Amino acid sequence: MIMSRALRICSSVFLYLTLINRASAFQTDLDGQARMARAAMLARRYPEAVEIYRRMAAELPEEPGIRFNLALALHSMGRYGESTQVLEKLRAAQGENPKFWFLLGEGYLKLGEPRKAVEPLHRASELDPSDANARLELASAWLENGDFEKSAALFQVLADQHPELPKAWAGLSLSESGLAREKNAPAYGVRAAQSEDRLAA
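None of these values were measured; they are calculated from a predicted model.

About the thresholds
- Residues numbered from 1 in each chain as written.
- Predicted model: local features only at pLDDT ≥ 70, side-chain atom pairs only at ≥ 80, totals over all residues.
- Heavy atoms only, no water.
- Salt bridge = Lys/Arg side-chain N within 4 Å of Asp/Glu carboxyl O.
- Buried < 20%, exposed > 50% of the residue type's maximum accessible area, 1.4 Å probe, protein only.
- Axes fitted to C-alpha atoms, helices over the stretch in contact; angles between N-to-C directions.
- Helix = DSSP H or I, 4+ residues; strand = E, 2+ residues; numbered from the N terminus.
- Parallel < 35°, antiparallel > 145°, perpendicular 65-115°, else oblique.
- Left-handed = near helix turned anticlockwise from the far one by under 90°.
- Contact = heavy atoms within 4.5 Å.
- Nonpolar A, V, L, I, M, F, W, Y, C, P; charged D, E, K, R; others polar.

Chemist: Please explain the pattern of salt bridges as it appears in this structure.
Modeler: If charged atoms from side chains of opposite charge come close, those side chains can pair. Under the defined criterion, the tally for this structure stands at nine salt bridges. Between Arg 79 and Glu 82 there is a salt bridge; the shortest N-O distance is 2.7 Å. Judged by relative accessible area, Arg 79 falls into the partly exposed class, the value being 29%. Since its relative accessible area comes to 31%, Glu 82 is described here as partly exposed.

As structure tokens, then:
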């Protein structure tokens, strides 16, 4: 009986050590894959990085950082639709990460959906007010939505704070043009009606 108990203890210890070794090998493999993926991203071999991150995400589906990196690789390839789909599933896990919100908002801008871009870009700007790029993209989203007053105000702030940014000055000019068109819209309507009357006569 003592021998049987000893065998059971030895078997348990052996199983425990086997599991530890497997876990260690698994972690080593993941570390190696992560290094390969980072190297691929730095070398702009984005398709390679996507494949590596897909494998890692399949092995660790509950790890949001891996899926964020997958979304970043997809975005870098220009596959914005796939990238935003991955990111949308990470809202809860990445809620305080301004880079997450910026990437999501920029993805929607690239897809031609500025209304969807406003909320994540606004969130990115709130979480990191020092990020001029996030505020530039937010102002661009407002501009594309036709919210010229908001876009003009933010582009003006950015132009004052960062006069070296041509996009801020270009956006300010376009926003002011949009505001001018809105202000003069009734006059344009009257002139158009008068022209129609003259033609009818």
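Chemist: In this structure, what is going on with the packing of helix 6 (residues 114-127) against helix 7 (residues 132-145)? I would like to understand it.
Modeler: Packed helix pairs are specified by the crossing angle of their axes together with the interaxial distance, meaning the distance between the axes. It is the contact of helix 6 with helix 7, at a shortest axis distance of 9 Å, that shows an interaxial angle of 155°. Between helix 6 and helix 7, the interaxial angle falls into the category roughly antiparallel. Relative to helix 7, the crossing made by helix 6 is left-handed. Each of Pro 114, Arg 115, Ala 117, Val 118, Leu 121, His 122, Ala 124 and Ser 125 in helix 6 lies in contact with helix 7, whose residues at this interface are Ala 134, Arg 135, Glu 137, Leu 138, Ala 141, Trp 142, Glu 144 and Asn 145. Residue composition of the contact of helix 6 with helix 7, grouped by class: nine nonpolar, three polar and four charged.

Chemist: Just checking my understanding: could you explain the environment of Glu 48 for this structure?
Modeler: Along the polypeptide, Glu 48 turns up in helix 2 (residues 46-59). Judged by its relative accessible area of 32%, Glu 48 falls in the partly exposed class. When the C-alpha positions of Glu 48 and Met 36 are compared, they lie 9.0 Å apart, and in sequence the two are twelve residues distant.

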